[in-house]
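# Examination of the molecular architecture
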Amino acid sequence: MDLDRINELRAQPVAPAFHIIDGARSAASDGATMQVVSPLDGRVLTTVPKGTKADAEAAVAAARTAFDDGRWSDRAPAERKAVMLRWAALIEENALELAVLGVRDNGTEIGMAVKAEPLSAAATIRYYAEAIDKLYGEIAPTGHGNLGLVHREPVGVVGAIVPWNFPLMIGAWKLGPALAAGCTVVLKPAETASLTLLRLAELALEAGMPAGVLNVVTGEGAVIGAAIAESMEVDVLVFTGSGPTGRRLLEASARSNLKRVYLELGGKSPNIVFADTADLDEAAKVSANGIFRNSGQVCVAGSRLLVERAVHDVFVEKLAAHARTMKVGDPLDVATAAGAVNSLRQLEQNLGFVEEARAAGREIMGGNRILEETGGYFMEPTIVTGVSPQDRLAQEEVFGPVLAVMPFDTEDEAVALANGTDFGLAAAVWTADLSRAHRMVRRIRAGIVHVNTYGGSDLTVPLGGVKQSGNGHDKSLHAFDKYLDLKTAWFKL
Ligand code: ADP
């Protein structure tokens with residue numbers, strides 16, 4: 001990585017940002033702005049518009065018009081593909097700029113930010129662009145004398161509400177298939193991670209995407225997000241974020257036009273280590289990364305460690321030893337393993353979970369805010385042992401670098417613990433017994449079950465939750481299902 005360039009970029013002031021509505025930059029209708037506070041030092045980085053309901057409505061109107069007049073969906077698939085491929089190339093060309101801007105905004109360590117943000121977003125957009133002219137309709141196997149054609153049509157205007165942990169990656173998981181399908185989009189970034197998504201929309205325009213096809217509106221969730229969710233002109237709502245907000249979106253859909261709502265709501269994902277694991281050292285290292293990278297701010301983070309009692313103490317010690325080697329600090333230093341917590345609110349929430357565990361008599365390694373003198377929001381990797389399955393720490397998502405550890409004795413007990421929360425996003429099983437691995441994959445209720453690893457996967461496989469982790473899938477060709485409608489044409493021959 002180009003360290004001089006990183007330092008040069010971090011020293012640059014960041015100009016105030018603007019919505020991207022109907023192909024143009026615009027301020028909030030009443031001129032209001034929100035301060036963007038950097039989690040690296042607690043200082044104001046720049047401002048973004050504090051959008052109004054009218055701004056959200058203007059963006060939806062632009063997206064509606066752009067969809068209805070066919071300026072995007074009626075273009076030949078190969079032309080749309082060319083625009084999206086140019087867009088992906090521009091994102092790659094600007095990868096370091098985007099990554100540093102994102103890190104200053106949300107605190108993710110730069111190594112992970114480059115890979116998981118601009119580069120992953122570019123790869124995602126390219127993946128869906130390449131699929132545009134390879135999606136066929138169907139001819140139904142009807143009886144004699146009839147012809148049944150099944151068309152796949154873009155659903156229309158998509159509202160996308162995304163979180164702050166990986167704005168470009170998660171944003172691209174929605175934008176890639178939605179735009180490739182021919183939909184138009186109104187995207188609302190999280191309050192604490194708007195800057196890179198605004199830049200992404202500018203690059204789309206530069207690549208030749210028509211005005212109004214991709215609109216980005218910044219502001220508060222309760223204002224902008226709610227206006228998109230309540231809109232009569234939005235056909236589909238896609239969301240990644242918290243459970244309470246997900247519920248509000250479903251209610252808003254029910255109150256308005258019954259728009260389809262696809263939710264990815266995080267998890268409390270179990271990482272299950274059996275005593276027969278072939279390489280406990282490797283498992284400990286991967287498990288530590290699986291919870292502590294990006295300060296635990298990963299929806300699939302392995303935040304519950306379930307360990308077979310026979311290896312509990314030795315495994316926890318190995319994991320703790322690895323955690324102690326993970327350097328927490330300046331996310332723009334390439335040696336850093338975990339950067340800053342995204343916001344003061346999130347840091348306080350993390351520390352609140354630790355305090356509660358301490359008060360309940362749980363054993364805690366770490367658990368503190370560190371580097372407070374920098375003004376930034378840093379927290380050390382934290383391991384809590386002796387956690388009871390009923391503890392809030394075992395049931396609720398912290399979204400911070402806090403690992404809850406519980407022992408188990410039998411496979412059945414591991415399954416019961418693993419499935420004993422409202423969530424079902426991700427899981428992992430570590431074992432040398434192939435039959436057990438397959439049994440566990442079947443028995444664990446989660447959208448993804450890793451075997452002898454944690455995290456990792458690529459674009460070719462779907463990501464989505466079961467139970468209260470949500471519905472619908474990002475990634476893979478299955479993601480198109482959210483953005484393409486089926487229409488039947490029935491002919492009498
Ligand atoms: P978190 O607590 O992790 O920030 P949220 O669910 O609050 O999770 O945020 C995820 C996204 O949802 C953000 O873009 C946020 O602005 C948006 N959001 C928050 N509240 C609402 C709401 N009432 N309606 C629509 N969107 C919202």
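A brief structural summary. (Residues numbered from 1 in each chain as written. Predicted model: local features only at pLDDT ≥ 70, side-chain atom pairs only at ≥ 80, totals over all residues. Heavy atoms only, no water.)

## Examining the packing of helix H4 (residues 95-106) against helix H7 (residues 195-206)
Angle between the axes and distance between the axes: these two values describe a pair of packed helices. Rules: Here an angle of 0 to 180 degrees is reported between the N-to-C directions of two axes, which are lines fitted to C-alpha atoms, with helices fitted over the stretch in contact. The numbering of helices and of strands both runs from the N terminus, where a helix is a DSSP run of H or I of at least 4 residues and a strand a run of E of at least 2. Roughly parallel here means an angle under 35 degrees, roughly antiparallel means over 145, roughly perpendicular means 65 to 115, and every remaining angle is called oblique. Contacts are assigned to residue pairs with any non-hydrogen atoms lying within 4.5 Å of each other. Charged residues are taken to be Asp, Glu, Lys and Arg, nonpolar residues to be Ala, Val, Leu, Ile, Met, Phe, Trp, Tyr, Cys and Pro, and polar residues to be all remaining types, Gly included.
Direction vectors running N to C along H4 and H7 enclose 150°, while the axes themselves pass 8 Å from each other. The angle between H4 and H7 falls in the class roughly antiparallel. Contacts between H4 and H7 involve Leu 98, Leu 101, Gly 102 and Asp 105 from the first element and Leu 195, Thr 196, Arg 199 and Leu 203 from the second. Its residues assigned to classes, the contact of H4 with H7 shows four nonpolar, two polar and two charged.

## Comments concerning the pairing of strand E4 (residues 44-49)
Just so we agree on the cut-off: Relative accessibility thresholds used throughout: buried, under 20% of the residue-type maximum; exposed, over 50%; partly exposed, between the two (1.4 Å probe, protein chains only). Strand pairing is assigned whenever DSSP identifies at least 2 bridges connecting the two strands.
When you tally the buried positions in E4, you get five out of six residues, the bulk of the element. Bridging between strand E3 (residues 33-37) and E4 involves five bridges; their strand directions are antiparallel. Each bridged residue has a counterpart across the sheet, and for Met 34 the counterpart in E4 is Val 48. Between E3 and E4, which follow one another and run antiparallel, lie six residues, and Gly 42 among them has a positive phi close to 70°.

## Quick notes on the layout of surface pockets
We count it as follows: Using only the protein atoms, space was sampled on a 1 Å grid; points where a 1.4 Å probe fits but cannot get out form cavities, open sets with protein on both sides within 12 Å along at least five of seven lines form pockets, and lining residues are those with an atom within 4 Å of a point. Grid points are joined across faces, edges and corners, and a volume is the space filled by probe spheres set on the points. Where each domain begins and ends is defined by an automated method or by a domain database.
As a volume, the second largest pocket reaches approximately 900 Å³. Surrounding the second largest pocket, 30 residues form its lining, Met 112, Met 169, Gly 455, Gly 456 and Ser 457 being those nearest its centre. Here the lining of the second largest pocket gets six residues from one element, more than from any other, and that element is helix H5 (residues 110-131). Of the domains in this structure, domain 1 (3-265 + 470-492) and domain 2 (270-458) are the two that each give at least three residues to the lining of the second largest pocket.

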